[in-house]
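# Structural description and commentary
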Amino acid sequence: KTNVMFLKTHKTASSTILNIMFRFAERYNLTVALPAGQLVHLGYPDTFLASFVEEFQAVGQNYNIMCNHLRFNPSEVQKVMAANTFYFTILRNPIRLLESSYVYYKSSVPAFRTSKDVNEYLASPTKYYRPADYKQNIYARNIMWFDLGYDNNAEDDKKYIQSVLKDVEQNFHLILIADYFDESMILLKHSLCWDLDDAIYFKLNTRSQDTVQTLTPESEEQIKVWCSLDWKLYLHFNQSFWRKIEETIGLEELEKEVNHLRTRQKELMETCLLEQEAVGKDHIKDKALLPFQSGAANILGYNLKQGLDNRTLRTCQQMVMPELQYTSYLYAVQHP
């Protein structure tokens, strides 16, 4: 399948998937729906409109791939993408997600800025969180719900939640789970009829361990309440994810394929990388490969080995290229 729309959600390993999608587009010479005016996202946090895509002129002038951040709006996305497009997204356990969001957006989100750390914020979120600042505060509550196009401050009402879950099921062919990333890649590979190298990746936009804040058990429980819309979304689609795996691949085959993926990933790391692992921002030698740094997070990147032949070098560069650099590179190729 070459017509694919990935809804890139926040703090869910989605930058790694964006890199997979961009490499796929290059490998098969596909067009990407890139943000208009050289922005990095498609109008986010505004609800998506077709006009947010560079050189979008007419319905039916289709792109193959769409994967930069946007706030989902199915009718407008359908104007941009072909009728047979495969839609997928990724969700993450809200407990891990909120802590990640807190550190990453610490300096830009009003609700985070004034609290000392994530546990203090969660002890009484309403003290710091103003729904009126919703555009700045979206990262502080039910962010996945918001990215999917819904009201992240909505009441937790059973009927409402059921209707949203149904809606999401109708809009997306596949929903991956970041907490089982390798398993997700295998399921994606099967769903899109890709080969293994299309699904291979190096982790991108991850942060150093020393910037991870430890949540208290009370905070973890509080997240389930404070982000109850995201929590219910996650529980529902975590179940359907494993159901889908059992129906399509089976757990035994899944384990085999995950091992293949990891072996191949290790081979590529040995081929490409100087240190065999991600390094802190101060240790990245080639500044062109430095990822965007945000908040209190130290975003890791990679150093490539010297003396690689041209073809290997190109492959390795693609594997480690951060989101912003890759987006502007494709922009230059598609819209010279």
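Refer to the preceding data block for the structure.
Residues numbered from 1 in each chain as written. Predicted model: local features only at pLDDT ≥ 70, side-chain atom pairs only at ≥ 80, totals over all residues. Heavy atoms only, no water.

### So, the pattern of salt bridges
Enumeration over the complete set of coordinates arrives at 18 salt bridges. Residues Asp198 and Arg27 are paired through a salt bridge, measuring 2.7 Å at the closest nitrogen-oxygen approach. Placement of the pair is Asp198 in helix 11 (residues 196-199) and Arg27 in helix 1 (residues 14-27), with a sequence separation of 171 residues. Relative accessible area serves as the criterion here: at 46%, Arg27 is assigned to the partly exposed category. As a salt-bridge pair, Glu220 and Arg96 come within 3.4 Å of each other at their nearest N and O atoms. Of this pair, Glu220 sits in helix 12 (residues 217-226) while Arg96 sits in helix 3 (residues 94-104); the two residues are 124 residues apart in sequence, bridging distant segments of the chain. On the basis of relative accessibility, which here comes to 26%, the residue Glu220 falls in the partly exposed class. A network of salt bridges, in which partner residues are shared, links Arg27, Asp195 and Asp198. (Salt bridge = Lys/Arg side-chain N within 4 Å of Asp/Glu carboxyl O. Helix = DSSP H or I, 4+ residues; strand = E, 2+ residues; numbered from the N terminus. Buried < 20%, exposed > 50% of the residue type's maximum accessible area, 1.4 Å probe, protein only.)

### So, the sheet that holds strand 4 (residues 174-177)
Sheet strands pair by backbone hydrogen bonding; their relative direction is either parallel or antiparallel. Strand order across the open sheet formed by four strands is 2-1-3-4, with parallel pairing between neighbours. Either end of the sheet is taken by a strand with one partner, and the two such strands are strand 2 (65-66) and strand 4. Note: strand 1 (residues 4-7) against strand 3 (residues 86-91), four bridges, orientation parallel. Paired with Met5 across the strands is Tyr87, a residue of strand 3. In this fold helix 1 packs onto strand 1, strand 2, strand 3 and strand 4, with an angle of close to 165 degrees to the strand it touches most, strand 1. (Pairing = 2+ DSSP bridges. Contact = heavy atoms within 4.5 Å. Axes fitted to C-alpha atoms, helices over the stretch in contact; angles between N-to-C directions.)

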